[in-house]
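Working through the structure, step by step
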Amino acid sequence: MRIAVLGVGLIGGSIGLAAKRRLGAEVTGFDAEPANAERGLALGALDRAAGRVDEAVKDAQVVFCAGPVSALPALVADALQSSGDETVVTDVGSTKRELIAGLPEDERRERFIGGHPIAGAESAGVENACDDLFEGARWYLTPTERSSGMLYDRLQRAVADLGARPQAIDAETHDRLMATVSHLPHVIANVLVQQAAAAATEESERLPEVGPSFRDTTRVAGANPAIWGDIFATNSEAVAREIDAAAERLRDAADVIRSGDADGVAAWHGAAREDRRRLLEADLIGGELFELRLSVENRPGTVAEIALALGRAGVNIEDMALYPAPDMRTGAVSLWVAGEAEAGRAAEIVRELGHSVSIST
């Protein structure tokens with residue numbers, strides 16, 4: 001397999017390393033700063049460093065656009081323009097709605113499928129890349145109604161082979177979810193350090209040494225200002241709504257604590273602990289794999305419709321395969337889902353979409 005990585009930093013370099021080790025892929029990289037690509041080549045993340053996007057994507061089966069969020073629209077457009085008709089183009093940005101809205105309205109749109117690996121590290125740069133960064137990590141894919149089923153299948157398999165756990169999600173839901181679980185924590189961390197700093201200037205005596213809870217909660221405060229400036233700018237409404245909702249919950253918390261009712265405060269605190277436990281457990285997977293065999297029309301958007309419907313219902317596709325009929329008008333799709341109950345739920349959803357389905361182990 002030939003893979004192109006456009007943007008050779010922590011994520012792009014880790015994609016290159018994982019693709020070479022796990023897929024046996026040939027990886028070509030491009031970076032707007034040529035020194036980054038040369039460094040990636042020296043570190044073994046790339047087989048070849050290209051000086052232009054069209055050189056990097058030549059003959060690639062998968063193109064990963066791993067530049068800053070603000071640079072992604074132009075980078076994706078360039079990749080789609082320069083790559084072949086059978087090349088799938090994806091990105092790794094943490095916001096999706098604006099990027100997808102700006103895609104060309106021609107056949108190139110079928111070849112772009114957004115992506116977002118929930119993986120990273122404290123340190124940036126290709127020198128910190130590692131081949132196991134995506135091991136077990138959730139990797140969201142955001143197909144549209146125009147996305148090619150065959151290319152979605154290729155990308156989903158490539159992502160899974162990198163060690164990640166792909167899951168389909170629509171762009172708007174993705175951005176709302178990220179506003180809650182990724183972007184809002186950065187806002188709250190920033191506010192907490194601002195509040196502590198203000199308190200330090202107001203107190204006549206020096207504040208005591210901060211405890212581990214403060215250090216843990218504010219670890220991401222002020223991280224990568226340029227990167228997070230782009231993220232907040234491209235997801236501003238969703239983040240602002242979450243800030244408003246958090247402010248309301250803080251007001252409710254103030255009322256509970258101000259009441260002086262120890263039992264009520266303990267109940268509120270305990271409920272938060274249970275909420276956290278459920279959230280952490282919700283993402284665990286396990287159980288025997290069941291195959292769902294579907295008969296579908298071979299048209300753009302069919303696979304995306306099925307994957308998104310299952311994703312919205314919380315059913316994760318562990319693997320998939322496409323089998324076009326000789327006339328290329330119809331075909332079969334095999335989906336593997338973990339657990340008998342999940343497979344049954346997936347079958348109900350698929351039937352509601354109008355497709356016939358059978359289940360086997």
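To be clear, the structure that these remarks concern was listed above.
Residues numbered from 1 in each chain as written. Predicted model: local features only at pLDDT ≥ 70, side-chain atom pairs only at ≥ 80, totals over all residues. Heavy atoms only, no water.

1. Some words on the packing of aromatic side chains
Inspection of the entire model under this criterion finds three aromatic pairs. Taking 5.0 Å as the distance between ring centres and 55 degrees as the angle between the ring planes, the aromatic pair formed by F134 and W139 counts as tilted. Take F134 and W139: they sit in the same class, and that class is buried. Both rings, one in W228 and one in F232, keep their centres 5.4 Å apart while their planes meet at 50 degrees; by these two values the pair is tilted. Remark: F232 and W228 occur in helix 9 (residues 225-234); sequence separation between them is four residues, near one turn of the helix. When its relative accessible area of 12% is taken as the criterion, W228 is described as buried. With a relative accessible area of 23%, F232 lands in the partly exposed category. (Phe/Tyr/Trp six-rings, centres within 6.5 Å; stacked < 30°, edge-to-face > 60°. Buried < 20%, exposed > 50% of the residue type's maximum accessible area, 1.4 Å probe, protein only. Helix = DSSP H or I, 4+ residues; strand = E, 2+ residues; numbered from the N terminus.)

2. A closer look at unusual backbone geometry
For D59, which is not glycine, the phi dihedral falls at a positive 65 degrees. For D59, the location among the structural elements is in the loop between helix 3 (53-57) and strand 4 (62-65).

3. Describing the nonpolar core
Of all hydrophobic cores here, the largest spans 56 residues; its most connected members are I15, W139, L292, L294 and L335. In this structure, C65, V76, L80 and L99 belong to the second largest nonpolar core, which totals 21 residues. (Core = buried A, V, L, I, M, F, W, Y, C linked by side-chain atoms within 4.5 Å.)

4. A few points about the pairing of strand 11 (residues 330-338)
Of all nine residues in strand 11, seven are buried, a share of seventy percent or more. Judged from the nine bridges that link them, strand 9 (residues 289-297) and strand 11 form a sheet pairing that is antiparallel. Considered in strand 11, the bridge of L289 is made with A338. Taken together, the six bridges between strand 10 (residues 319-324) and strand 11 define a ladder with antiparallel strand orientation. Along strand 11, the bridge assignment pairs P324 with G331. (Pairing = 2+ DSSP bridges.)

5. Some words on the pairing of strand 1 (residues 2-6)
Within strand 1, four of the five residues are buried, leaving the element largely enclosed by the surrounding structure. By the bridge criterion, five bridges tie strand 1 to strand 2 (residues 26-30) in an arrangement that is parallel. Bridge pairing links I3 to V27 in strand 2. For the crossover that starts at strand 1, traverses helix 1 (residues 10-23) and ends in the parallel strand 2, the hand is right-handed. In this structure, strand 1 lies alongside strand 4, joined through four bridges in parallel fashion. If you follow V5 over to strand 4, its bridge partner there is F64. (Right-handed = clockwise from strand over helix to strand, strands pointing away.)

6. Quick notes on the environment of E242
Within the secondary structure, E242 is located in helix 10 (residues 236-258). When the C-alpha positions of E242 and L184 are compared, they lie 6.8 Å apart, and in sequence the two are 58 residues distant. When sequence neighbours within four positions are dropped, the list of residues in contact with E242 reads A179, T180 and L184. Of the polar contacts made by the side chain of E242, one reaches the side chain of T180; its length is 3.1 Å. (Contact = heavy atoms within 4.5 Å. Polar contact = N/O pair within 3.5 Å; in protein donor to acceptor, adjacent residues only side chain to side chain.)

7. Some thoughts on helix 4 (residues 72-82)
Residues of helix 4 that are buried include every one of L72, L75, V76, A79 and L80, and no others. For helix 4, the angular spread of buried residues about the axis comes to 130 degrees, placing them on one side. In helix 4, the exposed positions that point more than 90 degrees away from the buried face belong to A74 and Q81. (Arc of directions from axis to C-beta.)

8. Some details on the sheet that holds strand 10
Backbone hydrogen bonds hold the strands of a sheet together, and the pairing may be parallel or antiparallel. The four strands are arranged 10-11-9-12 in an open sheet whose pairing can be described as antiparallel. The open sheet terminates on both sides in strands that have one partner only, identified here as strand 10 and strand 12 (356-360). On average, each strand axis in the sheet is tilted by 20 degrees relative to the strand beside it, whichever way the strands run. (Axes fitted to C-alpha atoms, helices over the stretch in contact; angles between N-to-C directions.)

9. Description of the environment of Q81
Tracing the backbone through its elements, the reader meets Q81 in helix 4. Here Q81 falls in the exposed class, since its relative accessible area comes to 54%. Along the primary structure Q81 and K96 are separated by 15 residues, whereas in three dimensions their C-alpha atoms are 20 Å apart.

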